Amino acid sequence: MTKKKRKKYLRYKAKQESMKRKSMERYGSWMNFECQICGGNLFYFHRYDADCCIFCDVWYTSDCEEPNCPYCAARPSAPSEALYYEELFFQDRKNIDKKDWLRQNYQHKKDGEHKHQQRIEYIAYYNAFK
Ligand SMILES: [Zn+2]
Ligand SMILES: [Zn+2]
């Protein structure tokens, strides 16, 4: 590869990378925390209420140890797998009230039996698209 071509290629790669980062904001948010392994930004997945390093493909959040928790029990073993599912879900996600999703996500942290049940129904609805 010539120097000029390589420069162009690198610019292209950087653009692809930033577009990917931007598109991932549909599924969660980039955090101001760095991965202890690679130094990249950690990413927070809304669906699984969990942090991860997408570059190292590792979860940073351990599960809540609630066997019926749809957040943790349904979490794929690797963030890359989770990302793959998010891409699939995205088409259907458009039809869902995003505020409703975020509110339920917030409740996960607050916890409570009734709220847990609501989430189970919500996730069941999502899983129907798998
Ligand atoms: Zn990392
Ligand atoms: Zn949980």
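Residues numbered from 1 in each chain as written. Chains lettered and ligands numbered in written order. Predicted model: local features only at pLDDT ≥ 70, side-chain atom pairs only at ≥ 80, totals over all residues.

Draft legend 1. Summary view of unusual backbone geometry. Located in the positive-phi region is Asp57, a residue other than glycine, with phi close to 65°. Along the chain, the position of Asp57 falls in the loop between strand 3 (50-53) and strand 4 (58-59). The backbone of Glu65 sits at a positive phi, close to 65°, despite the residue not being glycine. Examined against the element boundaries, Glu65 turns out to sit in the loop between strand 4 and helix 2 (70-73). Classification of Glu65 as exposed rests on a count of 7 C-beta atoms within 10 Å. (Helix = DSSP H or I, 4+ residues; strand = E, 2+ residues; numbered from the N terminus. Buried ≥ 20, exposed ≤ 12 C-beta atoms within 10 Å, placed from the backbone.)

Draft legend 2. Examining the pairing of strand 2 (residues 41-45) more closely. Pairing analysis gives four bridges linking strand 1 (residues 28-34) to strand 2, with the strands arranged antiparallel. By the bridge assignment for strand 2, Ser29 is matched with Tyr44. Pairing geometry for strand 2 and strand 3, over three bridges, is antiparallel. Pairing of Phe45 across the sheet is with Ala50, part of strand 3. (Pairing = 2+ DSSP bridges.)

Draft legend 3. Main features of the environment of Asn41. As for its position among the elements, Asn41 is in strand 2. Each C-alpha atom, one on Asn41 and one on Cys53, is 7.0 Å from the other, the two residues being 12 residues apart in sequence. Once residues within four sequence positions are removed from consideration, Asn41 is found in contact with Trp30, Met31 and Glu34. (Contact = placed C-beta atoms within 7 Å.)

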